Amino acid sequence: MNHLLAIPIEIRMAAVFALGICLGSLANLGIYRLAWHRRAISPWSRADAKAPSRRWSDRLPILGWLGLRREASLHGVGFWIRPMLVELLVGVGLAALYWWEVERLGLLPAEIQPVSEAVRLVLHQQFAAHLLLIFCMIVASLIDVDEKTIPDAITVPGTLAGLMLATVWPRSLLPVIVEQGPNCLPCSLLPVIVEQGPGFWPPMPQPMFVEQYLFFLKFNAPGIWRQAFNNSPGPGWMLAVCLACWWAWCVALMPRTWYSRHGFRRACGLSWARVVRERTSYRLTLMGLIGSAVIGVIWFRGGISLVGLLTALMGLAGGGGLVWLVRVIGTAALRREAMGFGDVTLLAMIGAFLGWQTSLVIFFLAPFAALVIGIIQLVVRRDSEIPYGPFLCLATLVVVVRWADVWDRTFRIFDLGWFVPAVVLACMGLMGLMLGGWQWLKCRFQHPSV
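Residue indices follow the written sequence of each chain, beginning from 1 at its first position. pLDDT decides what is reported in this predicted model: residues at 70 or higher carry local features, side-chain atom pairs at 80 or more are listed and counted, and totals for whole chains, interfaces and linings draw on all residues regardless. For side-chain calculations, the full set of non-hydrogen atoms in the structure is used, while hydrogens and water are omitted.

Chemist: Whenever I open this one, the overall build of the protein confuses me. Can you help?
Modeler: By definition, any uninterrupted DSSP run of H or I lasting at least four residues is a helix, any uninterrupted run of E lasting at least two residues is a strand, and each is numbered from the N terminus. What the protein contains, in helices and strands, is 16 helices and four strands. Using a 1.4 Å probe on the protein chains alone, a residue whose accessible area is under 20% of its type maximum counts as buried, one over 50% counts as exposed, and one in between counts as partly exposed. For the protein, the residues scored as buried account for 46% of the 450 residues in total. Contacts between residues were defined by any pair of non-hydrogen atoms, one from each residue, lying within 4.5 Å. Long-range contacts, defined here as pairs at least 24 residues apart, represent 70% of the contacts in the protein between residues at least 6 apart. As displayed, the protein offers around 23,800 Å² of accessible surface, 67% of which is attributable to carbon and sulfur atoms. Only the protein chains shown count as covering a residue, and every accessible area follows the Shrake-Rupley method with a 1.4 Å probe.

Below, the structure written as structure tokens:
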């Protein structure tokens, strides 16, 4: 790490920019290949039968699109502008994010002055996790913009990658500062120096330095590290929660239908028949069994890896469960599909990378941008259908970049424990009543005789 940090920041940022434009090129390939209507727009795709053969220069990031303008008659005028901008913006954005997270220490509170090489290593791990998450979000968002759907082919591998990173590198999760205490695990905490000045209580005439610790956003944050987490094997309830979250995700991915016209019993029978008939269900069952075995091994070993996996699995279940509740309640109230299932898998993937606390903040932040864009689109294009995935991704970027401020303003809420999910469920109920009332008023005005 010392050798890496000895390299000037300008050279490191240039290297990240080069990596970013290559990832942007790979993202363009995924956008056009994983879409429902595949298109051979990326220079790494096989050219159409009518298209001329691709040149080596076409595969150069950014510059290659200038040569691909010759295919405008096949793909449309200006088709090359968006993918070229994607590669450019990914390169610039990742370089800026690297400077913000690693050099500027933007995810840590302003009063922190890291002094150890270990802290710098953690910052690089976090950046690597965010780089992978951003790549997956770009592909999912632009497919959602094009087709108003998000394929499992990007969110499922992304979720598995998030679970793996949280297990192998638990500190790749977002950072939080914890106080030194008797129940903390010293080998899992990184010391930092925190400057406390006159604004703290009790008042201090001069700034002083106190030792605190850098930790990752675990499932019970801002709670302390319990000594029971160190046991090998881990506590039984941790194994039960991990398996419950894992299998809930696997079952949710299985193809099924729900037709309630002929009653609940008939709907269950048709849904089960669809699950049994599809081959995907058996592949997901096999994935569930393999994942259960891996979870069992990690639980038996215990320690920080188990806590990281549990945090990611709870983020997966919490993020996906929030959107799933909105989907179910909104569909029942509006009598039409309120949100696509791709939004469920997208926030589940984000939760696997960032934890359930962050997913909750993202869930309540995303509608603000969506509301503004939705009103503009309704006025300009008379279209009330908007893809929601890009707004979830936009909210995720805002939360990650401004994480220090976000956590400083929200950690007291998450310290309320079980009161938090109770409030969320109450809000869901109120949302259902509001949507139902809106639908009733809409029907009354459109059909006064009803």
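Chemist: Please explain a nonpolar patch on the surface as it appears in this structure.
Modeler: A patch is a set of surface residues, each over 30% in relative accessible area and not in a salt bridge, joined within 9 Å for like charges and within 5 Å for the nonpolar side chains Val, Leu, Ile, Met, Phe, Trp and Tyr. We define a salt bridge as a contact between a side-chain nitrogen of Lys or Arg and a carboxyl oxygen of Asp or Glu at a distance within 4 Å. Taken together, the side chains of Ile 81, Leu 85, Leu 88, Leu 89 and Val 92 define a hydrophobic patch exposed on the protein surface, amounting to about 420 Å² of accessible area. Tracing the chain through its elements places Leu 89 in helix H5 (residues 81-103). Judged by relative accessible area, Leu 89 falls into the exposed class, the value being 59%.

Chemist: Sorry if this is basic, but what is going on with the pattern of salt bridges here?
Modeler: Oppositely charged side chains can form a pair if their charged atoms are brought close together. In total, this model carries six salt bridges according to the counting rule given. A salt bridge links Glu 103 to Arg 12; its shortest N-O distance comes to 3.8 Å. Note that Glu 103 is positioned in helix H5 and Arg 12 in helix H2 (residues 9-33), a separation of 91 residues in sequence. One salt bridge in this structure joins Asp 405 and Arg 402, with 2.2 Å as the shortest N-O distance. Put simply, Arg 39, Arg 82 and Asp 146 are held in one network by salt bridges that share partners.

Chemist: For this particular structure, what's the right way to read the packing of helix H12 (residues 341-354) against helix H14 (residues 389-401)?
Modeler: The geometry of a pair of packed helices is captured by two quantities: the angle between their axes and the separation between those axes. Lines fitted to the C-alpha atoms define the axes, with helices restricted to the stretch that makes contact. Angles between their N-to-C directions range from 0 to 180 degrees. Relative to each other, H12 and H14 sit at 15°, their axes nearing to 10 Å. Judged by the angle between their axes, H12 and H14 are roughly parallel. H12 and H14 meet at a crossing whose hand is right-handed. Packed against H12, whose contacting residues are Asp 343, Leu 346, Ile 350 and Leu 354, the element H14 presents Gly 389, Leu 392, Cys 393, Thr 396 and Val 400 at the interface. Each angle receives one of four descriptions, namely roughly parallel if under 35 degrees, roughly antiparallel if over 145, roughly perpendicular if within 65 to 115, and oblique otherwise. By definition, turning the near helix anticlockwise from the far helix through less than a right angle yields a left-handed crossing, and turning it clockwise yields a right-handed one.

Chemist: So what exactly am I meant to see when it comes to the packing of aromatic side chains here?
Modeler: Any two aromatic rings considered together are summarised by their centre-to-centre distance and by the angle between their planes. Aromatic contacts are taken between Phe, Tyr and Trp rings whose centres are within 6.5 Å, Trp giving its six-membered ring; a plane angle under 30 degrees counts as stacked, one over 60 as edge-to-face, and the others as tilted. Within the structure shown, the criterion is met by 10 aromatic pairs. On the numbers, 5.4 Å between centres and 90° between planes, the contact of Trp 356 with Phe 414 is edge-to-face. Residue Trp 356 is located in helix H13 (residues 356-381), and its partner Phe 414 is located in helix H15 (residues 403-414); the two are separated by 58 residues in the primary sequence. With 6.2 Å between their ring centres and 35° between their planes, Trp 407 and Phe 411 make a pair best called tilted. Remark: Phe 411 and Trp 407 occur in helix H15; sequence separation between them is four residues, near one turn of the helix. With a relative accessible area of 10%, Trp 407 lands in the buried category. Joined through ring pairs, the aromatic side chains of Trp 356, Trp 403, Trp 407, Phe 411 and Phe 414 make up one cluster. Charge over a ring is defined by NZ of Lys or CZ of Arg lying within 6 Å of the ring centre and within 35 degrees of the ring normal. Above the ring of Trp 44, the side-chain terminus of Arg 59 is found at 5.1 Å from the ring centroid.

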